[in-house]
Amino acid sequence: MVDLVPTQPTSAPFEWVSVEERLPTQAGRYLVIAKGGYDIAFFRTNIVDRRFDRADVSHWMPLPKRPF
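Since this is a predicted model, take the numbers as computed values, not measurements. (Residues numbered from 1 in each chain as written. Predicted model: local features only at pLDDT ≥ 70, side-chain atom pairs only at ≥ 80, totals over all residues. Heavy atoms only, no water.)

J.: Got a sec to walk through the overall build of the chain? Specific residues and values, please.
T.: Summing up its helical and strand segments, the chain has zero helices and five strands in all. Its helices and strands in sequence order give the chain the pattern β-β-β-β-β, from N to C terminus. Taken over 68 residues, the chain has a buried fraction of 19%. In the chain, once contacts between residues fewer than 6 apart in sequence are set aside, the share between residues at least 24 apart is 45%. Accessible surface, the chain as shown: approximately 5900 Å² in total, 56% of it carbon and sulfur. (Helix = DSSP H or I, 4+ residues; strand = E, 2+ residues; numbered from the N terminus. Buried < 20%, exposed > 50% of the residue type's maximum accessible area, 1.4 Å probe, protein only. Contact = heavy atoms within 4.5 Å. Areas by Shrake-Rupley, 256 points an atom, 1.4 Å probe, with all protein chains shown as cover.)

Here is the structure:
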């Protein structure tokens, strides 16, 4: 019989980060919680500002790595 449940985590668990606590340091796509629920939003970084492409983001986390 094969045990399909890993006995130890394969990577650090993802945790939600409040935008009031901190913002991402790199531009890119992030999993976010916004007024409408879960979504993927782009975070922009440039000389003028650092912000998500939608205004109603309350929490964010990095997207998990693709399996392939």
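Picking up after the structure, the text goes on.
J.: I'd love a proper account of the pairing of strand β2 (residues 28-34), names of residues and values included.
T.: Across seven bridges, β2 lies against strand β3 (residues 37-45) in antiparallel orientation. From the neighbouring strand, R29 faces β3, where its bridge partner is F42. The hairpin turn running from β2 into β3, its antiparallel successor, is two residues long. Across five bridges, β2 lies against strand β5 (residues 57-62) in antiparallel orientation. Directly across from I33, in β5, lies its bridge partner H59. (Pairing = 2+ DSSP bridges.)

J.: I'd love a proper account of the environment of D56, names of residues and values included.
T.: Along the chain, D56 turns up in the loop between β4 (50-52) and β5. Judged by relative accessible area, which is 30%, D56 ranks as partly exposed. Between the alpha carbons of D56 and K35 there is a distance of 5.9 Å; along the sequence they are 21 residues apart. When near neighbours in sequence (up to four residues on either side) are disregarded, D56 contacts I33, A34, K35 and G36. Among the polar contacts listed, one links the side chain of D56 to the backbone nitrogen of K35, at a separation of 3.4 Å. (Polar contact = N/O pair within 3.5 Å; in protein donor to acceptor, adjacent residues only side chain to side chain.)

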